[in-house]
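Observations on chain architecture
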Amino acid sequence: MTSHPLVTRARRLADDLLAPHAEQVDQEGVPASHIEAVKRSGLLGVSAPVAYGGSAAPAAVARETAEILAGACCSTWFVQTQHHTPVMTLARSELPLRERLLGPLARGELMSGVAYAHLRAHPRIPVRVTRERGGWRFEGTVPWYTGWGLNDVMLLAGVTDADEALFAFTEAREQEGLRPSDPMRLAALTASRTVSLELDGLWLPEDAVALRLPYAEWVRTDRPKPTNASPAVFGVAEAALALLDDDTSGPIRTRLDKVRTQAYHLADHPVPHEHLAERLALRTQAYEVLMTATTAAVVAGGGRSLSLTNRAQRLAREALFLLVQGQTAESRRAHLKALADRP
């Protein structure tokens, strides 16, 4: 636990706004007012460079604020967590777009979504990008896009004919060549306003490009990310433990703290490509503690837990969501093997 000002702000936001309305949000959707509150909090710039209005906070602070937000309202956390990849993409970019867009994103004046997880389906290419009229033409389908109607801009990715990963920004709205589906109804986090996107000749200019590099190079940097345990897993588990008496929560919390410490130690390792098997094992262990904590909360609540307005069942559904959030073929195999090997 830290005393960083952003942690204090995250706790205040969670206690005063997010947690008290979480069950309502779960049923009705993340309201624009929640997103405006997140923008005002400064949390959208937690890792952004100070020169552009961000806080450049340590990774431990970013993780703790994520835990707090996810434990208070996982749907709101999930919408805002999309924003941090575009921020860090621009922070590392040397292209002109950095000077135009990084400041507004770091200061929370704009919120960005992401449409790039489909790159992990390679060699299948759900979104193809081709040269056209001095810019780029996008064709295909983005299976998942979160925060539709809440985000201002999106970071959209596809694969070029030269097998490059290309990332570009566009407005997060229906436009020529970009059509959203109806919002998806999901077992958990329907509130996050997730849609699919049909791309039928969406044209973006060259100066909208934030990153362009060989796909093989991109995947080397991306591969370690889904192997680390998500802070949201620990945040939702903590929220579930808060519903239990000390005799029940104590042993589970001890396990949770141990896994968190080990997982975060590896997340801070200076070489992200090392210890991948150990990272995946700890990710799976974190899931196991999460499911234990949320199941215990449901059991403790008895029949009341079946109500859609009950906190324990909401947390249990959010746990199901987190089991597959950010999943890759590699992490899926590791998780299934661990489940199959249980005594």
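Above this note sits the structure.
What counts, and at which threshold
- Within every chain, residues take consecutive numbers counted from 1 along the sequence as written.
- Thresholds applied to this predicted model are a pLDDT of at least 70 for local features of residues and 80 or more for the giving and counting of side-chain atom pairs; totals over whole chains, interfaces and linings are not thresholded and use all residues.
- Side-chain numbers here rest on the full set of heavy atoms in the structure, without hydrogens or water.
- The way it works is that DSSP assigns letters per residue, a run of H or I at least four long becomes a helix, a run of E at least two long becomes a strand, and they are numbered from the N terminus.
- The globule rule is 2.2 Å times the number of residues to the power 0.38, and the radius of gyration it is compared with is taken over C-alpha atoms.
- The classification of residues rests on relative accessible area computed with a 1.4 Å probe and restricted to protein chains. Under 20% of the type maximum is buried, over 50% is exposed, and intermediate values are partly exposed.
- Residue exposure ignores everything except the shown protein chains as possible cover, and the areas themselves are Shrake-Rupley values with a 1.4 Å probe.
- When charges are counted, Lys and Arg are positive and Asp and Glu negative, with His and the chain ends excluded.
- By convention, the charge on Lys lies at NZ, on Arg at CZ, on Asp at CG and on Glu at CD.
- Grid points spaced at 1 Å over the protein atoms alone were grouped into cavities, where a 1.4 Å probe fits but cannot get out, and pockets, open sets with protein on both sides within 12 Å along at least five of seven lines, with lining residues defined by an atom within 4 Å of a point.
- Grid points are joined across faces, edges and corners, and a volume is the space filled by probe spheres set on the points.
- Each residue receives one of three labels: charged for Asp, Glu, Lys and Arg, nonpolar for Ala, Val, Leu, Ile, Met, Phe, Trp, Tyr, Cys and Pro, and polar for the others, Gly being one of them.
- The salt bridge definition used is simple: a Lys or Arg side-chain nitrogen within 4 Å of an Asp or Glu carboxyl oxygen.
- Here the nonpolar core consists of buried residues drawn from Ala, Val, Leu, Ile, Met, Phe, Trp, Tyr and Cys, with membership extended through side-chain atoms lying within 4.5 Å.
- Two rings belonging to Phe, Tyr or Trp (six-membered ring only in the last case) form a pair when the distance between their centres is within 6.5 Å. Interplanar angles under 30 degrees mark stacking, angles over 60 mark edge-to-face geometry, and anything in between is tilted.
- Criterion for a charge above a ring: Arg CZ or Lys NZ at most 6 Å from the ring centre, at most 35 degrees from the ring normal.
- Whether two strands pair depends on DSSP finding at least two bridges between them.

Before going further, it helps to spend a moment on the overall build of the protein chain. Helix and strand counts for the protein chain stand at 13 helices and eight strands. Taking 20 Å as the expected radius of gyration for a compact globule of 343 residues, we find that the protein chain reaches 20 Å, a close match to that expectation. Projecting the C-alpha coordinates of the protein chain onto the three principal axes gives extents of approximately 65 × 45 × 40 Å. Per-residue burial for the protein chain yields a buried fraction of 53% across its 343 residues. If you sum the accessible surface of the protein chain, you get close to 15600 Å²; carbon and sulfur atoms cover 54% of it. Once the 38 positive and 39 negative side-chain charges of the protein chain are each reduced to a mean point, those two points are 2 Å apart.

The next thing to look at is empty space enclosed by the protein. Rolling a probe over the atoms, with the probe sized like a water molecule, indicates the empty space that remains. Inspection of every chain in the model, using the stated rule, returns one cavity of 30 Å³ or more. The volume enclosed by the largest cavity comes to roughly 40 Å³. The wall of the largest cavity is formed by Arg 283, Thr 284, Tyr 287, Leu 323, Gln 327, Ser 331, Arg 332 and His 335. By residue class, the composition of the lining of the largest cavity is two nonpolar, four polar and two charged.

Taken as a whole and assessed by the stated rule, the structure comprises 25 salt bridges. Here Arg 131 and Glu 206 are joined by a salt bridge, their closest N and O atoms 2.8 Å apart. Of this pair, Arg 131 sits in strand E2 (residues 127-132) while Glu 206 sits in the loop between strand E7 (194-205) and strand E8 (209-214), and the two are 75 residues apart along the sequence. Given the relative accessible area of 33%, Glu 206 is considered partly exposed. The salt bridge involving Asp 257 is made with Arg 260; its shortest N-O contact spans 2.8 Å. Placement of the pair is Asp 257 and Arg 260 together in helix H10 (residues 246-267), with a separation of three residues, close to one helical turn. For Arg 260, a relative accessible area of 12% translates into the label buried. Within this structure, Glu 67, Glu 238, Arg 253, Asp 257 and Arg 260 form a network of salt bridges that share partners.

Within the largest apolar cluster, 64 residues are counted, with the highest numbers of intra-cluster contacts made by Leu 13, Val 30, Trp 77, Phe 234, Ile 252, Leu 290 and Leu 322. Core analysis: the next-biggest nonpolar cluster, separate from the first, contains 24 residues, Val 114, Tyr 116, Leu 119 and Val 153 among them.

Before going further, it helps to spend a moment on the packing of aromatic side chains. We describe a pair of aromatic rings using the distance from one ring centre to the other and the angle between the two ring planes. All told, the structure shown has eight aromatic pairs when counted by the stated rule. Ring geometry for Tyr 116 against Trp 218: centres 6.4 Å apart, planes inclined by 85 degrees, an arrangement best described as edge-to-face. Here the residue Tyr 116 occupies a position in the loop between strand E1 (112-115) and E2, and Trp 218 occupies one in helix H8 (residues 215-222), the gap between them amounting to 102 residues. By relative accessible area, which is 13% here, Tyr 116 ends up buried. A centroid spacing of 6.0 Å and a plane angle of 80 degrees characterise the contact between Tyr 145 and Trp 148, whose relative ring orientation is edge-to-face. Put simply, the rings of Tyr 116, Phe 167, Tyr 215 and Trp 218 pair up and form one aromatic cluster. When the ring centre of Tyr 264 is taken as origin, the NZ or CZ atom of Arg 63, which lies over that ring, is 4.4 Å away. The ring of Trp 203 has Arg 133 lying over it, and the distance from NZ or CZ to the ring centre is 4.7 Å.

With that settled, the discussion passes to the environment of Gly 29. Tracing the backbone shows Gly 29 in the loop between helix H2 (22-28) and helix H3 (32-41). Spatially, the C-alpha atoms of Gly 29 and Thr 76 are 9.1 Å apart, while their sequence positions differ by 47 residues.

As a further point, take the pairing of strand E4 (residues 153-160). E4 sits mainly inside the fold: eight of its eight residues count as buried. The pairing of E2 with E4 spans two bridges and is parallel. Residue Arg 128 lies in a different strand from E4, and its bridge partner there is Val 159. Looking at chain direction, E4 and strand E5 (residues 164-171) are connected through seven bridges and run antiparallel. Paired with Val 153 across the two strands is Glu 171, which belongs to E5. Linkage of E4 to E5, two consecutive antiparallel strands, is achieved through a turn of three residues, within which Asp 163 is found at a positive phi near 60 degrees.

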